[in-house]
Amino acid sequence: MIILEVTNPGTVSQVLFLGTIGMLALTIGLIVFIIFHQRRVIRYQLRLQRMEQDQQKLLLNASIRLQEEERQRIAADLHDDAGPLLATARLYLNENLVNLDKTTQLQSIYNAKQIIDDTIQLIRNISHSLMPPTLKNFGLESAVNDLFQKISGSGSMNASSRFHDYRERLQPENELIIFRVIQELVNNILKHSNASFIHLTQNTSGSKFFIRLHHDGRGITQNDFNKLNKSNVGLGLKNIQSRLKVLHGQIFFEKDLSQTYYKVTIELIKEEMAKPEPSGLE
Amino acid sequence: MFYLLVFISELLPVVFYVSFLRRNRHEGLQVVFIYCLASFATEILAPALKSAFNVSDFYLYASFTVIEYSLLTLFLYRSIQDSRLKYVPIVGSVVFFTLVVANFLQGRTSNFDSLSASVEAILIIIYSIMFLYAQIKDPSVLFVYNTKKFWVVSAFFIYFSSTLFLFLYAATFTPKEHKSYWYINNIFDIIKNILFCIAFAMKKSDKSKNPVLESYEDSYGIEP
């Protein structure tokens, strides 16, 4: 209030003039700043949105390509394995069979039966690769244990898994998504890491559900994962990303503190997984 | 000539509001319209009241300040959506009315109620900044200048910022000084009324909606 005490008319008019101009400049400056700041924020939001859309597009393309690859694999299995087997069985059972002697007839029927059994087994294998029966009937824990036992049984790698807190089964479609993610990660480790062991653990903490994979081979870190996600390569990783997106989950790739192991952590929200998904990825 | 211009500028917002009634309906501008009416009525009635009832300038200005503050605060209180900021006008009003009452009880010391007018100006400036801050934080507004309320608040903001120093000194002015400095108030009063006219004449715009949010709403089916 010191300025109010100014009594000299000349000084009053000067203070009044400068004060008014100053306040006006501040006000207009503030309004202009607000307008431009808001525009800048919106532009930034738009840029972020475009980036997210590009990422979505990459994920969608990866998902479509994987689906096509899966179809091609099933088609190849059916065409290359089941097709020739059934054709051979047909040969054994063709109409000339009636003209042969009884022993040859029996031998041909036996061969055809063997081939049909093989074909049934082949189709069962294809079906199991599409939807593992253990997963459907006994849940994620059994399916993962089964998968790891098979890997260990092959002798190429020491694989073990342990579920610490999995008393209640999740929604079947969510279990399938998590299983596919684990399968993809294990496949990557088998293909690229040259590891001698894989160890999977499951546990929960508060509202979070964790799955951790350790291995001692060559792995990737979060930076590598982010780079691969933005590029056109790394189809499997994009597929993992898009599957986890359905469950609002996250994945982290890191090197263990001891710098000896690579660690992959899948972080999911319990509540999200208890909800049935409107449309699963499978 | 200049006073005629001031008089016309007081009338213009009223005319604009009535002319574009459809555009201003459901926009929460009724309070501003009442304020414009009160301002115009004061402009007409003040000389008549002074001559007929010998009412002092002090009481005329003080009464108008109270009405003006009440209406503008009500408008800004209704316009600020953030519940954390809403308590500020309430606290400010308690302070303002306490000061006004104290000032009235003390009796007139000059021709202008400087204290009430200055406190009013400071409080309205604070509320205007709060409103603009809330607008920045609101992601549903893309172009803040596409909303009517922005122009109305800018009008208050510019008017009260520019006349704050004048109101601070007004009580110490001699009648001659008062007359020579009061043109500052008149100029910014005209600017304020022009900004009101812009606000009243503006179309109700949906373009101000944030395209980022709209796109998200479309993509993920989120309700706005």
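Enquirer: Explain the packing of helix 4 (residues 140-154) of chain A against helix 5 (residues 172-193) of chain A to me, using residue names and the numbers behind them.
Expert: Residue and element names in this part refer to chain A. At their nearest, the axes of helix 4 and helix 5 sit 10 Å apart, and the two run at 20 degrees to each other. Overall, the two elements helix 4 and helix 5 adopt an arrangement that is roughly parallel. The crossing of helix 4 and helix 5 is right-handed. Here Leu 140, Ala 143, Val 144, Leu 147 and Ile 151 of helix 4 come into contact with helix 5, specifically with Glu 175, Ile 178, Phe 179, Ile 182, Gln 183 and Val 186. A breakdown of the residues in the contact of helix 4 with helix 5 according to their chemical character gives nine nonpolar, one polar and one charged.

Enquirer: Please give an account of the confidence of the model for chain A that cites residues and values.
Expert: Across chain A, pLDDT averages 84, with 93% of residues at or above 70. The secondary-structure element of chain A with the lowest mean pLDDT is helix 8 (residues 270-274) of chain A, recorded at 75, while strand 3 (residues 208-215) of chain A shows the highest, at 92.

Enquirer: Just give me the short version of the sheet that holds strand 4 (residues 250-255) of chain A, but keep the residues and values in it.
Expert: Residues and elements named next belong to chain A. Within the open sheet, the five strands sit side by side as 1-2-3-5-4. Their pairing is mixed. On the outer flanks of this sheet lie strand 1 (158-163) and strand 4, each paired with one strand and no other. Here the strands of the sheet are splayed against their neighbours by 15 degrees on average, with no regard to which way each runs. Direction of pairing for strand 1 relative to strand 2 (residues 197-205): parallel, over a ladder of six bridges. In the strand pairing of strand 2, Ser 160 is matched with His 199.

Enquirer: Go over the interface of chain B and chain A with me, naming the residues and quoting the values.
Expert: Quoted interface sizes are often the accessible area lost when the parts come together. With 21 residues of chain B at the contact, the number on the chain A side is 20 residues. Elements with a contribution of two residues or more to the side of chain B that touches chain A: helix 6 (114-137), helix 7 (148-170), helix 8 (175-181) and helix 10 (211-220) of chain B. Here the element with the most residues in the side of chain B that touches chain A is helix 7 of chain B; it accounts for ten residues. Taken together, the residues of the side of chain B that touches chain A break down into 15 nonpolar, five polar and one charged.

Conventions used here
- Residues numbered from 1 in each chain as written.
- Chains lettered and ligands numbered in written order.
- Predicted model: local features only at pLDDT ≥ 70, side-chain atom pairs only at ≥ 80, totals over all residues.
- Axes fitted to C-alpha atoms, helices over the stretch in contact; angles between N-to-C directions.
- Helix = DSSP H or I, 4+ residues; strand = E, 2+ residues; numbered from the N terminus.
- Parallel < 35°, antiparallel > 145°, perpendicular 65-115°, else oblique.
- Left-handed = near helix turned anticlockwise from the far one by under 90°.
- Contact = placed C-beta atoms within 7 Å.
- Nonpolar A, V, L, I, M, F, W, Y, C, P; charged D, E, K, R; others polar.
- pLDDT = per-residue confidence, 0-100.
- Pairing = 2+ DSSP bridges.

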